[in-house]
Amino acid sequence: MIFFVLFSIVIIQRLLELVIAKRNEKRMLAKGAYEAGASHYPFMILLHVSFFVSLLVEVLYFNLTPSPMFWWLLVLFLCTQALRIWCLTSLGEFWNTRIMILPGANVVAKGPYVYMRHPNYLVVSLEIALLPFMFEAYVTAICFTILNGIMLSVRIPTEEKALKAATNYEQYVHRKQSNI
């Protein structure tokens, strides 16, 4: 029962985020933005949809129950959700599931972006591990952590290259390195 409640909440959250992303995409395109990395985006969607299908199938097929560490993992998951919200609100209209680049824009350097360059990707990575671990769905946790790592090894360099070419990203990176 707890699995279905949590699973449903996360699915609803993702669907709402897609609505926000589409709204932000329209706004950014109207301002002259363009998409970078469109070729890998369908694979990223496939990865995330497959993650949820895998989690659902693994939990149901093996009749998995909450981990003995469930409540601790849930607290970590909720902290991760707080970081997710901080990321989204900090980026505002710049937040998207796609890589939308607005030429000449200043890179967002507030919220968690003061402390690290890609906190939202950290959030996604933590979620992909924590959600299955809460229900001892280890196959899903391990496989999708690896697949997400592969996806991020393509996505992050693509995003950084596009940001460097069209925004003040180089200055942002330089400031981040100076603060270390």
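Calculation rules
- Residues numbered from 1 in each chain as written.
- Predicted model: local features only at pLDDT ≥ 70, side-chain atom pairs only at ≥ 80, totals over all residues.
- Heavy atoms only, no water.
- Helix = DSSP H or I, 4+ residues; strand = E, 2+ residues; numbered from the N terminus.
- Contact = heavy atoms within 4.5 Å.
- Patch = residues over 30% accessible without salt bridge, like charges linked within 9 Å, V, L, I, M, F, W, Y side chains within 5 Å.
- Areas by Shrake-Rupley, 256 points an atom, 1.4 Å probe, with all protein chains shown as cover.
- Salt bridge = Lys/Arg side-chain N within 4 Å of Asp/Glu carboxyl O.
- Expected span 1.5 Å × (residues − 1).
- Buried < 20%, exposed > 50% of the residue type's maximum accessible area, 1.4 Å probe, protein only.
- Core = buried A, V, L, I, M, F, W, Y, C linked by side-chain atoms within 4.5 Å.

(A) Seen up close, the environment of histidine 118. With respect to the helices, strands and loops of the structure, histidine 118 is situated in the loop between strand E2 (99-101) and helix H4 (119-133). For the pair histidine 118 and serine 67, spaced 51 residues apart in sequence, the C-alpha to C-alpha distance is 29 Å. Ignoring sequence-local partners within four residues, the contact set of histidine 118 consists of Ile156, Glu159, Glu160 and Tyr169.

(B) Here's a closer look at a nonpolar patch on the surface. Taken together, the side chains of Ile45, Val49, Val53, Val57, Tyr61 and Phe62 make up a nonpolar region of the molecular surface, amounting to roughly 610 Å² of accessible area. The residue valine 57 is located in helix H2 (residues 41-61) in this model.

(C) Here's a closer look at helix H1 (residues 2-30). An ideal rise of 1.5 Å per residue puts 42 Å on 29 residues; H1 measures up with 42 Å between its terminal C-alpha atoms. Of all the residues in H1, the buried ones are Phe3, Leu6, Phe7, Val10, Gln13, Arg14, Glu17, Ala21, Asn24, Glu25 and Met28. Where H1 is buried, its residues touch H2, helix H3 (70-91), E2 and H4. Following H1 by one or two positions, glycine 32 adopts a phi angle in the positive range, close to 105°.

(D) Region of interest: the pattern of salt bridges. Under the defined criterion, the tally for this structure stands at eight salt bridges. Note that lysine 31 and glutamate 93 form a salt bridge whose closest N and O atoms lie 2.4 Å from each other. Linking lysine 31 in the loop between H1 and strand E1 (34-36) with glutamate 93 in the loop between H3 and E2, this pair joins segments that are 62 residues apart in sequence. On the basis of relative accessibility, which here comes to 47%, the residue lysine 31 falls in the partly exposed class. For glutamate 93, a relative accessible area of 25% gives the class partly exposed. A salt bridge links glutamate 160 to arginine 117, with the shortest nitrogen-to-oxygen separation between them at 2.8 Å. Remark: arginine 117 occurs in the loop between E2 and H4 and glutamate 160 occurs in helix H5 (residues 138-166); sequence separation between them is 43 residues. Put simply, Arg14, Glu17, Arg84 and Glu127 are held in one network by salt bridges that share partners.

(E) Examining the nonpolar core more closely. Leu6, Phe51, Leu55, Phe77, Leu131, Met134 and Phe135 are the most contacted members of the largest nonpolar core, which totals 24 residues. Among the secondary structure elements, those contributing two or more residues to this core are H1, H2, H3, H4 and H5. At seven residues, the largest contribution of residues to this core is made by H2. Residues within four places of phenylalanine 135 in sequence aside, it is in contact with Ile2, Phe3, Leu6, Val59, Leu64, Thr65, Pro66, Ser67 and Phe70. Counting 19 residues, the second largest nonpolar core, distinct from the first, contains Ala162, Leu163, Ala166 and Tyr169.

(F) Summary view of the environment of tryptophan 72. For tryptophan 72, the location among the structural elements is in helix H3. Along the backbone, tryptophan 72 and valine 57 are 15 residues apart, and their C-alpha atoms lie at a distance of 24 Å.

So yeah, pure geometry; function would need other evidence.
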